[in-house]
Amino acid sequence: MNKTVLITGSTSGIGLGIANQFAKEGYAIMFHGLEKNGAEIAKEVGERYKVKVAFSNANLLQAEAIEGLVEETIKTFGALHVLVNNAGIQFVSPIEDFPNKKYENIIAINMNAVFYASKAVWKQMKKQKFGRIINVSSVHGIRASEFKSAYVTAKHGVIGMTKVLALEGAAFNITCNAICPGYVKTPLVIGQIKDQAKAHHMTEEEVVEKVMLKKQAVKQFVPLEAITDMAILLAKDSSTTITGSSFVLDGGWSAQ
Ligand code: NAD
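Quick notes on the rules
Residues numbered from 1 in each chain as written. Predicted model: local features only at pLDDT ≥ 70, side-chain atom pairs only at ≥ 80, totals over all residues. Heavy atoms only, no water. Axes fitted to C-alpha atoms, helices over the stretch in contact; angles between N-to-C directions. Helix = DSSP H or I, 4+ residues; strand = E, 2+ residues; numbered from the N terminus. Left-handed = near helix turned anticlockwise from the far one by under 90°. Contact = heavy atoms within 4.5 Å. Nonpolar A, V, L, I, M, F, W, Y, C, P; charged D, E, K, R; others polar. Buried < 20%, exposed > 50% of the residue type's maximum accessible area, 1.4 Å probe, protein only. Expected span 1.5 Å × (residues − 1). Pairing = 2+ DSSP bridges. Right-handed = clockwise from strand over helix to strand, strands pointing away.

Asker: Help me get a handle on the packing of helix α3 (residues 63–77) against helix α4 (residues 100–128), residues and values and all.
Answerer: Interhelical geometry of α3 versus α4 gives an angle of 35° and a closest axis separation of 9 Å. Relative to α4, α3 is oriented so that their crossing is right-handed. The segment α3 lies against α4, with A63, I66, E67, V70 and I74 engaging A113, Y116, A117, A120, V121 and Q124. Residue composition of the contact of α3 with α4, by class: nine nonpolar, one polar and one charged.

Below, the structure is given as structure tokens:
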């Protein structure tokens with residue numbers, strides 16, 4: 001039987017890249033995200049790689065919607081082998097002006113949703129004696145940058161949760177790991193380039209060079225393929241002892 005993967009936020013950016021790679025490997029895929037053309041994106045990938053797909057636009061701000069998303073995945077495909085907790089949002093502001101609602105939503109989508117989704121898949125993965133949970137954290141899960149209080153808090157939290165789930169899953173062949181990228185050029189980052197150009201009175205090129213990639217030793221955006229290859233590796237049967245770890249793909253940022 002081909003394996004099944006649920007990837008949150010897979011109708012854009014990193015999640016879509018991961019979905020394409022899993023499709024290439026023959027996985028059935030539950031696509032998920034708020035993009036209006038999500039269903040078409042899912043269908044197109046399914047046709048290209050001849051794999052089963054479905055799509056949900058469950059709102060990760062609601063625990064019940066997340067539980068429903070997991071239930072729907074298991075009902076549609078009859079199993080759920082890999083969960084990629086990828087969806088995330090960003091907002092950048094000095095703490096004194098940071099809107100409470102933005103803080104709460106970042107914590108809810110980037111961190112709490114990881115808890116609700118992992119909790120919801122647990123019973124099925126235990127029953128299968130197989131589960132791979134892959135959390136897309138960030139270099140901001142192990143390092144801080146100013147003006148990102150909510151994001152850095154959420155991403156650090158995800159790394160803590162990753163370790164706990166690794167311990168709880170060990171007896172059941174459920175692994176849990178985090179991938180921690182530096183900057184990847186996706187819609188989330190393109191939005192930040194524009195915001196930061198305004199905030200720093202710089203051109204967009206200057207923001208990329210002097211602000212974003214300042215902390216990376218390798219002055220390039222992290223290629224999507226590096227992340228998708230890592231996700232495929234972590235999902236393998238043979239990766240059963242790779243658990244509780246954070247894999248940093250940050251162009252040398254955290255080596256300093
Ligand atoms: P993106 O904006 O391209 O995609 C985010 C996805 O999350 C979208 O599909 C969106 O619809 C979904 N989403 C957002 N809010 C949601 C909600 N309330 N309910 C349901 N879905 C929701 O972003 P991306 O750059 O691909 O980021 C993906 C993940 O990678 C995030 O967790 C992000 O923090 C992390 N990350 C990104 C970078 C980077 O440089 N792009 C670096 C490190 C970590």
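Asker: Describe unusual backbone geometry, with residues and values.
Answerer: One non-glycine residue, K50, adopts positive backbone phi at about 55°. If you trace the backbone, K50 turns up in the loop between α2 (38–49) and β3 (53–56). Overall, the relative accessible area of 73% leaves K50 in the exposed class. Positive phi is not limited to glycine here, since N173 has a value of about 60°. Relative to the assigned elements, N173 resides in the loop between α5 (149–169) and β6 (174–181). Owing to a relative accessible area of 23%, N173 belongs among the partly exposed residues under this scheme.

Asker: Would you mind going over α5 in detail, with residue names and values included?
Answerer: Because an α-helix packs 3.6 residues into every turn, residues spaced three or four apart end up facing the same way. Its 21 residues give α5 an end-to-end C-alpha distance of 30 Å, which sits within 8% of 30 Å, the value for a rise of 1.5 Å per residue. Every buried residue of α5 is accounted for by A150, Y151, V152, A154, K155, V158, I159, M161, T162, L165, A166 and G169. For α5, the elements touching its buried residues are α4, β5 (131–136), β6 and β7 (246–249).

Asker: How would you sum up the environment of A28? Please name residues and give values.
Answerer: Here A28 is to be found in strand β2 (residues 28–32). Here the alpha-carbon distance between A28 and V53, two residues 25 residues apart in the chain, equals 5.7 Å. Ignoring anything within four residues of it in the chain, the contact list for A28 reads K3, T4, V5, K52 and F77.

Asker: So what about the sheet that holds β6? Which residues, and what values?
Answerer: The seven strands lie next to each other as β3-β2-β1-β4-β5-β6-β7, forming an open sheet whose pairing is parallel. Edge positions in the open sheet fall to β3 and β7, since each of these has one partner strand only. Averaged over all adjacent pairs, the angle separating strand axes in this sheet is 15°, with direction ignored. Sheet analysis places strand β1 (residues 4–7) next to β2, joined by three bridges and oriented parallel. Pairing of L6 across the sheet is with M30, part of β2. Against the sheet, α2 contacts β2 and β3, and its axis sits at roughly 165° relative to β3.

Asker: Could you give an account of the pairing of β5, with specific residues and numbers?
Answerer: With six of its six residues buried, β5 lies for the most part within the structure. The two faces of β5 match: G131, I133 and N135 on one face and R132, I134 and V136 on the other face are all buried. Across four bridges, the pairing between strand β4 (residues 82–85) and β5 is parallel. The residue bridging V84 from the neighbouring strand is I134, located in β5. As defined by bridge partners, β5 adjoins β6 across six bridges and the pair is classed as parallel. Along β6, the bridge assignment pairs R132 with T175. With respect to chirality, the unit in which β5 leads through α5 into the neighbouring parallel β6 is right-handed.

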